[in-house]
There are 2 protein chains.
Amino acid sequence: MSQQDIAPLFPDPAGGMARLQRYLDTSIPLVAHMQFRVAHLDDKCLSLSAPLQANRNHIGTAFGGSLHGLATLASWGLLWVLLEDIPDTHIVIQESRMAYLQPVKQDFEAMCLVPNRGQINQFRRALKRRGKARIELHAEIRSGDTLAANFTGYFVAVKAA
Amino acid sequence: MSQQDIAPLFPDPAGGMARLQRYLDTSIPLVAHMQFRVAHLDDKCLSLSAPLQANRNHIGTAFGGSLHGLATLASWGLLWVLLEDIPDTHIVIQESRMAYLQPVKQDFEAMCLVPNRGQINQFRRALKRRGKARIELHAEIRSGDTLAANFTGYFVAVKAA
């Protein structure tokens, strides 16, 4: 096992969550309206939460655009925290798929799974060596005990020239 | 050719656009923040437009959540207008796919293509007979001369019990 396999992925999860929240709040105006909150971060997942009220649709359940936006930002945010130590990195979404399984009738959460250590190391290495790297991420939307949606996103990280 | 093949799909496009705009504005709070406008409706497509400023992300281009939301609502809105004469119908998204091709650097538009007449007739017939129908829709995001994203959505219309 190398040094990078033993070191904790997030040495300062609370700090990473606070910095991500501040970054989302100050750089994407819609996030304030959606009232997304960075709820949890550990070596397994990053979660964002959202209140139903600000994100409701025409029939009083959660607006599909908010479900998709929360899953996208949970995934994007996980990469943001994972690459925080590599300066001048831009992360963009390239492709997404979402299956809406159940209507969301209360506050909800998007949980993006942390890829395994091998995938993360490969992703970070490619970014450092070639200035560009691609990764596939999976997220779930949950509302109470209900699995409400599945999300798959393909993201690209690019070092600014 | 039957009566329904000859009749115009949208006998009152301006009225349909105005009613859809009012419905979006009053029933989905986020639409007001995203400043989406119903821009065009004819037998070929429904377009919604959005300003970059209200929908910008961390690097000053359009937020992926807004691109996806606009494409989803252009598609959802097209079905809303197509089914306006069938009372108590709910339209929900079941699955979506989006490819983000180019960053969006100015105001943008989502254009959902009207399916062919046979598909529409079949969709409306299934909804009336069985109380439920499914349809696949395609939309594009354009910004100036740039094709910025491709969207595919699967929607279900259900007659309220």
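Going by the structure above, here's the rest.
Sequence order sets the numbering: in each chain, residues are counted from 1 along the sequence as written. Naming scheme: in the order in which they are written, chains are lettered from A and ligands are numbered from 1. With pLDDT at 70 or above as the cut-off, local features in this predicted model cover only qualifying residues; side-chain atom pairs require 80 or more to be listed or tallied, and sums for whole chains, interfaces and linings still use all residues. With hydrogens and water set aside, each side-chain value is computed from the structure's full complement of heavy atoms.

Size it by volume and the largest pocket reaches roughly 510 Å³. Looking at the largest pocket, it is lined by 27 residues, and the ones nearest its centre are Tyr100 and Pro103 of chain A together with Ile91, Val92 and Ile93 of chain B. A run of H or I in DSSP counts as a helix once it spans at least four residues, and a run of E counts as a strand once it spans at least two, with each numbered from the N terminus. When residues of the lining of the largest pocket are traced back to their parent elements, those giving at least two are helix 4 (64-82) of chain A together with helix 4 (64-82), strand 3 (89-100) and strand 6 (146-159) of chain B. Among the elements that line the lining of the largest pocket, the one with the most residues is strand 3 of chain B, at five residues. Looking at side-chain class alone, the lining of the largest pocket contains 17 nonpolar, nine polar and one charged residues. A cavity here means a set of points on a 1 Å grid, drawn over the protein atoms and nothing else, where a 1.4 Å probe fits but cannot get out; a pocket is an open set with protein on both sides within 12 Å along at least five of seven lines, and a residue lines either one if it has an atom within 4 Å of a point. Grid points are joined across faces, edges and corners, and a volume is the space filled by probe spheres set on the points. Throughout, the ten residues Ala, Val, Leu, Ile, Met, Phe, Trp, Tyr, Cys and Pro are labelled nonpolar, Asp, Glu, Lys and Arg are labelled charged, and all others, Gly among them, are labelled polar.

We place the copies in one frame by least squares, fitting the C-alpha atoms of every residue whose pLDDT is at least 70 in both. Between chain B and chain A, the superposition needs a rotation of 180° and an axial shift of 0.0 Å, giving an RMSD of 0.0 Å. Taken together, these values place the two copies in the relation of a two-fold axis. Proximity to the rotation axis, assessed at the C-alpha, singles out Arg97 of chain B in chain B; its C-alpha lies 2.2 Å from the axis. Both copies present the same face, since 100% of the interface residues in chain B are matched by interface residues at the equivalent positions in chain A. In this analysis, two residues are considered to be in contact whenever any of their non-hydrogen atoms come within 4.5 Å of each other.

Attention now moves to the sheet that holds strand 4 (residues 108-113) of chain A. Paired strands, as defined in this entry, are two strands with at least two bridges between them according to DSSP. Sheet architecture is open: 12 strands sit in the order 1(A)-2(A)-4(A)-5(A)-6(A)-3(A)-3(B)-6(B)-5(B)-4(B)-2(B)-1(B), paired in antiparallel fashion. Strand pairing shows two members of the sheet lacking a second neighbour, strand 1 (37-41) of chain A together with strand 1 (37-41) of chain B, which therefore form its edges. The average angle at which neighbouring strand axes cross in this sheet is 25°, direction not considered. Packed on one face of the sheet, helix 2 (residues 13-27) of chain A meets strand 1 and strand 2 (45-50) of chain A and runs near 155° to strand 1 of chain A. In the packing of helix 5 (residues 117-130) of chain B onto the sheet, the strands contacted are strand 3, strand 5 (132-143) and strand 6 of chain B, and the crossing angle to strand 5 of chain B comes to about 140°. A fitted line through C-alpha atoms serves as each axis, taken over the contacting stretch for helices, and the angle formed by two N-to-C directions is quoted from 0 to 180°.

Structural measurements only, silent on function.
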